[in-house]
Amino acid sequence: MMMDTEKFIEEAIKNIREEVKDEKVIIALSGGVDSSVASVLASEAIGDQLEAIFVDHGLLRKNEAKEVEETFKDKINFKLINAEDEFIKALDGITDPEKKREVIGHKFIEVFEREARKSGATYLLQGTIAPDWIESKGNIKSHHNLTLPQGLELKIIEPLRELYKDEVREVGTQLGLPASIVHRQPFPGPGLAVRVLGNITKDKLEICREATAILTEHVEKEGLDEDLWQYFVVLTDSKVTGVKGDQRDFGYLVVIRMVQSFDAMTANVPDLPWPFLHKVSQEITANVPEITHVSLSLSNKPPSTIEFE
Ligand code: XMP
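Parameters at a glance
- Residues numbered from 1 in each chain as written.
- Predicted model: local features only at pLDDT ≥ 70, side-chain atom pairs only at ≥ 80, totals over all residues.
- Heavy atoms only, no water.
- Helix = DSSP H or I, 4+ residues; strand = E, 2+ residues; numbered from the N terminus.
- Buried < 20%, exposed > 50% of the residue type's maximum accessible area, 1.4 Å probe, protein only.
- Contact = heavy atoms within 4.5 Å.
- Lys, Arg positive; Asp, Glu negative; His and termini not counted.
- Charge placed at Lys NZ, Arg CZ, Asp CG, Glu CD.
- Axes fitted to C-alpha atoms, helices over the stretch in contact; angles between N-to-C directions.
- Parallel < 35°, antiparallel > 145°, perpendicular 65-115°, else oblique.
- Nonpolar A, V, L, I, M, F, W, Y, C, P; charged D, E, K, R; others polar.
- Salt bridge = Lys/Arg side-chain N within 4 Å of Asp/Glu carboxyl O.
- Core = buried A, V, L, I, M, F, W, Y, C linked by side-chain atoms within 4.5 Å.
- Pairing = 2+ DSSP bridges.
- Polar contact = N/O pair within 3.5 Å; in protein donor to acceptor, adjacent residues only side chain to side chain.
- Near = heavy atom within 4 Å.
- Areas by Shrake-Rupley, 256 points an atom, 1.4 Å probe, with all protein chains shown as cover.

J.: Explain the overall build of the protein chain to me, using residue names and the numbers behind them.
T.: Regarding its fold elements, the protein chain presents ten helices and nine strands. With the C-alpha coordinates aligned to their principal axes, the bounding extent of the protein chain is approximately 70 × 45 × 35 Å. When the 309 residues of the protein chain are sorted by exposure, 49% land in the buried category. In the protein chain, 74% of the contacts between residues at least 6 apart in sequence involve partners at least 24 apart. Of the charged side chains in the protein chain, 37 are positive and 54 negative, and the gap between their average positions amounts to 4 Å.

Following this line, the structure appears as C-alpha cells:
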C-alpha cells in the first residue's frame with residue numbers, strides 16, 4: 001500500500017513535539033538520505049531545539065563537507081565539526097580494515113559525545129529505517145536509551161523507523177531536500193578509509209578523492225549514475241611502473257568499481273561502454289600525476305564484496 005506522505009509528515013511532526021517538549025535534541029548528520037530526512041523532519045517539528053552535527057572526519061569525497069553545509073546551513077540548526085587531524089592521527093599506521101573501522105567508530109563517538117555535552121541535548125535523533133532493525137534484530141523497541149562511553153545518557157527518537165528507503169526518499173522530496181541528497185549513492189561510514197588500501201595518509205586520501213571526482217563527473221555526464229548502486233575509485237597500496245615523456249615513472253595502481261545492486265547483499269558489474277572507460281582512465285592519469293595505472297574491477301558480489309576493504 002502506498003504511504004500517504006503528507007499524513008506521515010504531519011503525524012511525525014506532532015509526535016516529535018509531544019515527545020521532546022522543550023528538551024534539546026542532537027543528531028549525527030552524515031549527509032546520507034536517512035539522517036538528512038530525519039534532521040529536516042525534526043527541524044520542522046522543533047526548530048532550533050535540534051542541533052545537527054556533521055563531523056568532517058577527513059575521509060569524505062571532494063567538496064562533500066562544503067556541499068552538505070550548503071544544503072543544510074540555512075534549513076536547520078547545523079554545525080560542522082572539522083575533526084580531520086584527529087581522525088588521521090588516530091589512523092596512523094593502521095592497515096587492517098576492521099581495525100580501521102573500529103578506530104573510526106570510537107573516534108566518532110568521542111567527537112560526537114563532546115559535542116552532545118556542549119549542546120545540552122537529552123535526546124538523540126536517529127535516521128534508523130525499517131530494514132536496519134528488521135535485519136539486525138527483528139524486535140521492535142520503541143523506547144530505548146543510549147549511554148555514551150563517558151556516561152552521557154540520551155533518549156532515542158527514530159521517526160523513520162517504520163519506513164522503507166523509497167518512502168524515506170518521498171518524505172525527503174516532500175520536505176524540499178534536493179535530489180543530490182535524496183538520491184545519493186550509499187557511502188560507507190568509514191568513508192575513503194576503506195577505499196585507500198593499507199596505511200592512510202592525507203596524500204593518499206587526496207589522490208583517491210581526485211580520481212573519484214573524475215569518475216563521478218563522467219558517470220553523471222553519461223547518465224550512468226541512475227543505473228548504478230555505487231561507483232568509486234579504489235587506491236591500491238601497489239605502486240607500478242609507468243612512463244612519462246621518455247622517463248620511467250613509478251606510481252599508484254587504482255581500480256574503478258561500478259556496481260548495480262538492490263540492497264547491497266549481492267551486486268553485479270554491468271556492461272559498461274568502453275569509450276567511456278577509456279576516457280575516464282585517460283582523464284585520471286592525465287590529471288592525477290601520482291597515478292600511473294587504471295584498472296577495472298569485474299567481480300560481482302559474491303564472491304567479492306562491494307568495497308575492497
Ligand atoms: P560490502 O563491501 O560489504 O558493502 O559488499 C555493502 C554495502 O555496505 C557499505 N559498507 C559500509 N557502510 N560502514 C558503512 O556504513 C562500513 O563499514 C561499511 N562497509 C561497507 C558499502 O559501501 C556497500 O554499500
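That was the structure; now back to the text.
J.: Give a detailed account of the environment of Glu102, specifying residues and quantitative values.
T.: The topology assignment puts Glu102 in helix H5 (residues 97–119). Using a relative accessible area of 39% as the deciding quantity, one classes Glu102 as partly exposed. Separated by 28 residues in the primary sequence, Glu102 and Asp74 place their C-alpha atoms 34 Å from one another.

J.: Can you tell me about the packing of helix H1 (residues 5–20) against helix H7 (residues 165–174), naming the residues and giving the values?
T.: Interaxial distance between H1 and H7 falls to 10 Å at its minimum, and their mutual angle equals 80°. Compared by their axis directions, H1 and H7 come out roughly perpendicular. Residues Thr5, Glu6, Phe8 and Ile9 of H1 form the contact with H7, whose participating residues are Glu170, Val171 and Gln174. In terms of residue class, the contact of H1 with H7 is built from three nonpolar, two polar and two charged.

J.: How would you sum up the pattern of salt bridges? Please name residues and give values.
T.: Inspection of every chain in the model, using the stated rule, returns 22 salt bridges. Note that Lys100 and Glu309 form a salt bridge whose closest N and O atoms lie 2.8 Å from each other. Taken together, the residues span a long stretch of sequence, with Lys100 in helix H5 and Glu309 in the segment after strand S9 (291–296) at a distance of 209 residues. Take Glu309: its relative accessible area is 17%, and that puts it in the buried class.

J.: Requested: an account of the nonpolar core, with residues and values cited.
T.: One finds Phe8, Leu41, Phe72, Leu160, Leu215, Met258 and Ile291 to be the most contacted residues of the largest nonpolar core, which totals 97 residues. Ranked by the residues each element gives to this core, the list is headed by helix H2 (residues 33–46), at eight residues. Ignoring any residue separated from it by four or fewer positions in sequence, one finds Phe8 in contact with Met3, Leu41, Pro159, Leu160, Leu163 and Val171.

J.: Just give me the short version of the sheet that holds strand S6 (residues 153–157), but keep the residues and values in it.
T.: Reading across from one edge, S3-S2-S1-S4-S6-S5 is the order of the six strands in this open sheet, with mixed pairing throughout. In this open sheet, the two edge strands, each paired with only one partner strand, are strand S3 (78–82) and strand S5 (145–147). Neighbour-to-neighbour, the strand axes of this sheet turn through a mean angle of 30°, independent of strand direction. Sheet analysis places strand S4 (residues 123–125) next to S6, joined by three bridges and oriented parallel. When the bridges of S6 are listed, Leu124 appears paired with Ile156. Running over the sheet, helix H3 (residues 64–72) touches strand S2 (50–56) and S3 and is turned about 165° from S3.

J.: If you had to explain the side chain of Thr292 to someone new, which residues and values would you point to?
T.: With respect to the secondary-structure elements, Thr292 resides in strand S9. Overall, Thr292 belongs to the buried group, its relative accessible area being 18%. A polar contact is formed between the side chain of Thr292 and the backbone oxygen of Val240, at a distance of 3.1 Å. Contacts of Thr292, omitting those with residues within four sequence positions, involve Val240, Gly242, Asp249, Phe250, Gly251, Tyr252 and Thr285.

J.: So what's going on with the site of the ligand? Which residues, and what values?
T.: Neighbouring the ligand are the residues Arg101, Pro188, Gly189, Pro190, Trp229, Gln230, Ala264, Lys301, Thr305, Ile306 and Glu307. At 2.6 Å, a side-chain N or O of Arg101 approaches an oxygen atom of the ligand. In this structure, an oxygen atom belonging to the ligand sits 3.0 Å away from a main-chain N or O atom of Gly189. For the ligand, the accessible surface in isolation is 490 Å², of which the surrounding protein chains cover 69%. Of the residues belonging to the shell around the ligand, the class tally is five nonpolar, three polar and three charged.

J.: Could you give me a rundown of the sheet that holds strand S7 (residues 230–244), with the residues and numbers involved?
T.: Taking strand neighbours across the sheet as the criterion, the three strands line up as S7-S8-S9 in an open arrangement whose pairing is mixed. In the strand order of this sheet, the two ends are held by S7 and S9, each with one partner. Going from strand to strand, the sheet's axes swing by 25° on average, the running direction of each strand aside. Relative to S9, strand S8 (residues 247–259) runs parallel, the two being bridged by five bridges. Residue pairing for S9: Tyr252 is matched across the bridge by Ile291. Sitting on the sheet, helix H10 (residues 274–287) touches S7, S8 and S9, and the angle it makes with S9 is about 155°.

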